Amino acid sequence: MKTQVAIVGGGPSGMLLAQLLHVRGIDSVVLERKTKDYVLSRIRAGVLEQGLISLMEEAGCADRMHAEGFTHNGTLISYGDEMFRVDFTEHTDKPVMVYGQTEVTRDLYAARERAGGPIEFEVEDVEIHGADTTSPYLTYRVGTQERRLECDFVAGCDGFHGVSRQTIPLDVRREYEKVYPFGWLGVLSETPPVNEELIYANSERGFALCSMRNDTLSRYYIQCSLSDSPNDWTDAAFWEELKRRIPKDQADKLVTGPSIEKSIAPLRSFVTEPMRWGRLFLCGDAAHIVPPTGAKGLNTAASDVHYLYNALRDFYENGSEAGIDGYSEKALDRVWKTERFSWWFSSLLHRYPDQSPFDIKMQVAELEFLRSNKAAQRAMAENYVGLPY
Ligand code: APR
Ligand code: PHB
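On a predicted model such as this, the values are computed, not experimentally measured, just so you know.

Q: An account of the overall build of the chain is needed here, citing residue identities and associated values.
A: For the chain, the count of helices and strands is 13 helices and 20 strands. Against the 2.2 N^0.38 benchmark of 21 Å for 389 residues, the chain shows a C-alpha radius of gyration of 21 Å, consistent with a compact globule. Structurally, the chain occupies a C-alpha span of about 60 × 40 × 40 Å along its principal axes. Taken across its 389 residues, the chain has 54% of its residues classed as buried. Looking at the chain alone, contacts between residues at least 24 apart form 72% of all its contacts between residues at least 6 apart. Element-wise, carbon and sulfur atoms account for 50% of the exposed surface of the chain, whose accessible area totals about 16,200 Å². Charge-centre separation for the chain: the mean point of 43 positive side chains lies 1 Å from the mean point of 57 negative side chains.

Q: Describe the site of ligand 2, listing the residues and the values that go with them.
A: Among the 16 residues in the neighbourhood of ligand 2, the closest are listed as Y200, S211, R213, Y221 and G294. The side chain of Y200 places a nitrogen or oxygen atom 2.8 Å from an oxygen atom of ligand 2. Take P292: an N or O atom from its main chain is 2.8 Å from an oxygen atom of ligand 2. Of all the secondary-structure elements, those providing two or more residues to the shell around ligand 2 are β15 (208–214) and β16 (217–224). Looking at side-chain class alone, the shell around ligand 2 contains nine nonpolar, four polar and three charged residues. For the shell around ligand 2, the two domains that each supply at least three residues are domain 1 (5–72 + 96–177 + 268–346) and domain 2 (180–266 + 351–385).

Q: Outline the sheet that holds strand β3 (residues 47–48), listing residues and values.
A: Spatially, the three strands line up as an open sheet ordered β3-β7-β4, and their pairing is antiparallel. With partners counted over all chains shown, the strands left at the sheet margins are β3 and β4 (70–72), one partner each. Pairing geometry for β4 and strand β7 (residues 96–98), over three bridges, is antiparallel. Across the sheet, T71 pairs through a bridge with M97, a residue of β7.

Q: Could you give me a rundown of the packing of aromatic side chains, with the residues and numbers involved?
A: A complete count under the given rule lists 24 aromatic pairs for this structure. With 5.1 Å between their ring centres and 80° between their planes, F182 and Y352 make a pair best called edge-to-face. Of the two residues, F182 is situated in strand β13 (residues 174–189) and Y352 in the loop between α11 (322–349) and α12 (357–372); the sequence distance between them amounts to 170 residues. Just as F182 is buried, Y352 falls in that class too.

Q: Give a description of the site of ligand 1 that names residues and reports values.
A: The immediate surroundings of ligand 1 are formed by 25 residues, with S13, E32, R42, R44 and D285 found nearest. Measuring from an oxygen atom of ligand 1, one finds a side-chain N or O atom of S13 at 2.7 Å. At 2.7 Å from an oxygen atom of ligand 1 is found a side-chain nitrogen or oxygen belonging to D285. For ligand 1, whose unbound accessible area comes to 710 Å², protein coverage reaches 91%. Of all the elements in the fold, those that place two or more residues in the shell around ligand 1 are α1 (12–23), β9 (123–129) and α10 (297–318). Counting residues per element, the shell around ligand 1 draws most heavily on α10, at three residues.

Q: Just give me the short version of the state of the cysteines, but keep the residues and values in it.
A: Taken as a whole and assessed by the stated rule, the structure comprises zero disulfides. The structure places no disulfide on C283, whose sulfur is separated from the nearest cysteine sulfur, that of C157, by 4.4 Å.

Q: Break down the packing of α1 against helix α3 (residues 50–58) for me, with residues and values.
A: Close contact between α1 and α3 brings their axes to 9 Å; oriented N to C, the two are set at 45°. As far as their axial angle goes, α3 and α1 are oblique. Across from L16, L20 and V23 in α1, the residues of α3 making contact are L52, L55, M56 and E58. Here the residues of the contact of α1 with α3 sort into six nonpolar, no polar and one charged.

Q: Explain the nonpolar core to me, using residue names and the numbers behind them.
A: If you look at the biggest cluster of nonpolar residues, it comprises 66 residues, and the most contacted ones within it are I7, L16, L17, L48, M56 and L138. With ten residues, the single largest contributor to this core is α10. If we skip the residues at most four places from it in the chain, L16 touches L52, L55, M56, A59, L108, A302 and V305.

Q: Kindly report on the environment of S347, identifying the contributing residues and their values.
A: Residue position: S347 is located in helix α11. Here the alpha-carbon distance between S347 and Q363, two residues 16 residues apart in the chain, equals 8.0 Å. Apart from residues lying up to four places away in sequence, S347 is in contact with Y352 and Q363.

Q: So what's going on with the domain arrangement of the chain? Which residues, and what values?
A: As a measure of interface size, the accessible area lost when the parts come together is often cited. The domain architecture assigned to the chain consists of domain 1 (5–72 + 96–177 + 268–346) and domain 2 (180–266 + 351–385). Distance between the C-alpha centres of domain 1 and domain 2: 29 Å. Listed per partner, the contact involves 26 residues of domain 1 and 22 residues of domain 2. Both faces considered, domain 1 and domain 2 share a buried interface measuring about 2,000 Å² in area, 66% of it formed by carbon and sulfur atoms. Sorting the residues of domain 1 by area buried against domain 2 places I43, H72 and W344 first, and these three jointly supply 24% of that buried surface. Remark: the boundary between domain 1 and domain 2 carries zero salt bridges. Counting only elements with at least two residues in the side of domain 1 that touches domain 2, the list comes to β4, β7, β17 (259–273) and α11.

Q: An account of the packing of α1 against helix α6 (residues 101–114) is requested, with residue identities and associated values reported.
A: The N-to-C vectors of α1 and α6 enclose an angle of 40°; their axes lie 9 Å apart at closest approach. Comparing their axes, α6 and α1 come out oblique. Every pair of crossing elements has a handedness; the one defined by α1 and α6 is left-handed. Residues P12, M15, L16, A18, Q19 and H22 of α1 pack against T105, L108, Y109, A111 and R112 of α6.

What counts, and where the lines are drawn
Residues numbered from 1 in each chain as written. Chains lettered and ligands numbered in written order. Predicted model: local features only at pLDDT ≥ 70, side-chain atom pairs only at ≥ 80, totals over all residues. Heavy atoms only, no water. Helix = DSSP H or I, 4+ residues; strand = E, 2+ residues; numbered from the N terminus. Rg over C-alpha atoms; globule rule 2.2 N^0.38 Å. Buried < 20%, exposed > 50% of the residue type's maximum accessible area, 1.4 Å probe, protein only. Contact = heavy atoms within 4.5 Å. Areas by Shrake-Rupley, 256 points an atom, 1.4 Å probe, with all protein chains shown as cover. Lys, Arg positive; Asp, Glu negative; His and termini not counted. Charge placed at Lys NZ, Arg CZ, Asp CG, Glu CD. Near = heavy atom within 4 Å. Polar contact = N/O pair within 3.5 Å; in protein donor to acceptor, adjacent residues only side chain to side chain. Nonpolar A, V, L, I, M, F, W, Y, C, P; charged D, E, K, R; others polar. Domains from an automatic or database assignment. Pairing = 2+ DSSP bridges. Phe/Tyr/Trp six-rings, centres within 6.5 Å; stacked < 30°, edge-to-face > 60°. Disulfide = S-S within 2.5 Å. Axes fitted to C-alpha atoms, helices over the stretch in contact; angles between N-to-C directions. Parallel < 35°, antiparallel > 145°, perpendicular 65-115°, else oblique. Core = buried A, V, L, I, M, F, W, Y, C linked by side-chain atoms within 4.5 Å. Buried area = accessible area lost by both parts, 1.4 Å probe. Salt bridge = Lys/Arg side-chain N within 4 Å of Asp/Glu carboxyl O. Left-handed = near helix turned anticlockwise from the far one by under 90°.

In structure tokens, the structure reads:
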């Protein structure tokens, strides 16, 4: 089998790239390790930057997003019983959209199926060959059938545990990592959100986040120990702890209910450089990971896809290699700025086991500065709504 662009990974990065290429008449084949149902069962964050919304519009997949998504013009930040709002549109004239990343992926799958886009599920033993040549190819297995896919380019959209990053030789790769000493325990509940906007909470007991998917489906998180497991937390214990971490007036109106999903995610900052090796290009979680504070995972994958999609268009439509040659540097410039914001926002809101009383004073002073200084709020707002592509 032959295609122009072989895409490893059928998550949001791979599917967004495939659909954008399709709209421009560029063929691709997606190889996905899991089943479609498994991919669409993943619960992920739900805040979208305007850049991703514009890409979904360009891909012809934004109708349901605009119909069901919620525009948010600001967010709330609390510490103890204090709470203040950062107004995005006051500082940047850009809102964000609250719409589940699972729904983004679902919309992309629906578009690929409408277009008859080739995707192979439950592929195994994917190997990328000749990435450092002008005729790379992939080998893989489906069941007992060995297969080969000839291509011009390979897009490694296979996430943090994928094969693409590992294909780049160790002596070429430079990796940077920070592992955070806590996790996020997340609960999905069929309850009305406690507030119409998100609340990011710093409390002496640890971080909490009040989010939502729609007006009858809420998403809550509390910072927890890495030694915890979801089964250690009854719903009652979760709700009680959440109430102790958000302002009393919010806690008093919190509507609780049974969890329909409960999971713990570890937090990590990670970047691999370069994001290109020959005809192999890394996109999204295959190249970088951010802590979820600020919901930059998919939004940073989207900017990678934007750069790679336009680079490939330039190659096929104009015969120019400028875009593919500049991809890694351009993508990494924005990746590092997003890594910084996610790290800063995490440092501002979480309690760290090794924090001294002075460190806590610095955290509260930073929160007070953010609360009282318009320039500080503008800097935060510009990062939160998404830096320019
Ligand atoms: N072969 C084929 N597919 C693979 C392989 C492999 N060897 N390894 C992983 N995959 C698939 C996974 O099953 C998954 O569906 O690649 C996909 C990667 O998807 P994600 O991990 O969601 O990464 P990405 O598409 O970059 O999404 C970026 O969006 O999902 C949100 O916040 C999340 O940060 C994440 C962001
Ligand atoms: C979510 O709704 O899951 C969410 C929102 C904002 C974040 C992280 C997660 O920063």
